[in-house]
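The residues making up each chain are set out below.
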Amino acid sequence: MDSVSLIVTLVAEGALSSGDAATASDVLRAAGGEPGLAEWIDTGDAIDVHVTDIAAPAARAALEAALPGLDIIVQAAPDSGDAPRRKALIIADMDSTMITVECIDELADYAGLKAEVAAVTEAAMRGELDFEAALDARVALLKGLDAAVIDRCRAERVRLMPGAQTLVRTMAAHGARSILISGGFTAFARPVAAEIGFAEVHANTLLVVDGRLSGTVARPIVDAAAKRARLLGAGIALPATLAVGDGANDIPMLAAAGLGIAYHAKPKAAAAADAAVRIGDLTVLLRAQGYRRADWAG
């Protein structure tokens, strides 16, 4: 095969050893690769291992199987052109990615329907249901709910994912553009985007009539195709983009980005992405870009 140069980034904040890098090198060699230099990003937290003569998917599969307690990002070594390691755009899903909950499930709890709605959400995120049909079905169950519950739900239930602010604000401080795009709802996404530091936000709109949810969502729907289209229309060369999400409706966006990272994701999304964060928080995405802790904003 062509001698493609890869960077393997191992991450375990406060728990990484040079022995982990040695194990990774051994695994890569056994899989047919030729490991080279290992360089600490921050000692004890994150390290890069350079390797050639192995495809990225093969390297990822071997390393994830051998080192289940680490987060592992495998990517092509950056060049000085359109494929920089530090990306110029981050585009991110919201529910279960930038925040710790699925907002529609939490809203449903106030209507006494969380179990029913959450089961549909889970199936949709696994890719077992059509996203738009599943969204319409779940929102229809919320018909008649007092719209004031949205603000209460946001205050009581919505919490930022650890590392969200640090990730987005660090990238912005270094010149990157940021987009939050959600199949969830503007009533949650706009304040979440503001709190985290996103420059741009897109989500679905819950329709309200006489102070109560109508049980419908405004068209057009923000779905998987809309997420991908927003990335493609951002005006930034795709190799310079980073996408992150957790569900099946994020797959086209993850696949199109220069670096697509699945975050504590459903199996289909994890398999489709370039890499999967399995252990750590969203700052793993900074480590993937080579950021040292001294460079982080928060």
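In this text the structure is predicted, and so the values were computed from the model without any measurement. (Residues numbered from 1 in each chain as written. Predicted model: local features only at pLDDT ≥ 70, side-chain atom pairs only at ≥ 80, totals over all residues. Heavy atoms only, no water.)

1. Some details on the pairing of strand β6 (residues 177-185)
Look at any regular strand and the pattern is simple: side chains alternate between the two faces of the sheet.
Then step 1. Across the nine residues of β6, eight count as buried, placing the element largely inside the fold.
Then step 2. Pairing between strand β5 (residues 89-92) and β6: four bridges, direction parallel. The partner of Leu89 across the bridge, within β6, is Arg177.
Then step 3. As defined by bridge partners, β6 adjoins strand β7 (residues 200-204) across four bridges and the pair is classed as parallel. Considered in β7, the bridge of Leu180 is made with Val201.
Then step 4. Read as a crossover between parallel neighbours, the route from β6 over helix α8 (residues 186-196) to β7 is right-handed. (Buried < 20%, exposed > 50% of the residue type's maximum accessible area, 1.4 Å probe, protein only. Helix = DSSP H or I, 4+ residues; strand = E, 2+ residues; numbered from the N terminus. Pairing = 2+ DSSP bridges. Right-handed = clockwise from strand over helix to strand, strands pointing away.)

2. Notes on the pattern of salt bridges
Then step 1. Applying the stated rule across the entire model yields 22 salt bridges.
Then step 2. Across the pair Arg287 and Asp42 runs a salt bridge, and its minimum N-O distance is 2.6 Å. Here the residue Arg287 occupies a position in helix α12 (residues 284-288), and Asp42 occupies one in strand β2 (residues 34-42), the gap between them amounting to 245 residues. Here Arg287 matches Asp42 in class, with each residue buried.
Then step 3. Taking the shortest distance from any N to any O, the salt bridge between Arg157 and Glu106 comes out at 2.6 Å. Taken together, the residues Arg157 in helix α6 (residues 148-157) and Glu106 in helix α3 (residues 103-110) connect sequence positions 51 residues apart.
Then step 4. In this structure Arg157 comes out as partly exposed when scored by relative accessible area, which is 24%.
Then step 5. On the accessibility criterion, Glu106 (8% relative accessible area) is buried. (Salt bridge = Lys/Arg side-chain N within 4 Å of Asp/Glu carboxyl O.)

3. Let's talk about unusual backbone geometry
Then step 1. The omega torsion across Arg219 and Pro220 is 0°, close enough to zero to call that bond cis.
Then step 2. Not every positive phi belongs to a glycine, and Asp53 is a case in point at roughly 65°.
Then step 3. Note on placement: Asp53 falls in the loop between β3 (46-52) and α2 (56-66).
Then step 4. One non-glycine residue, Ser96, lies in the positive phi region at around 65°.
Then step 5. Note that Ser96 resides in the loop between β5 and α3.

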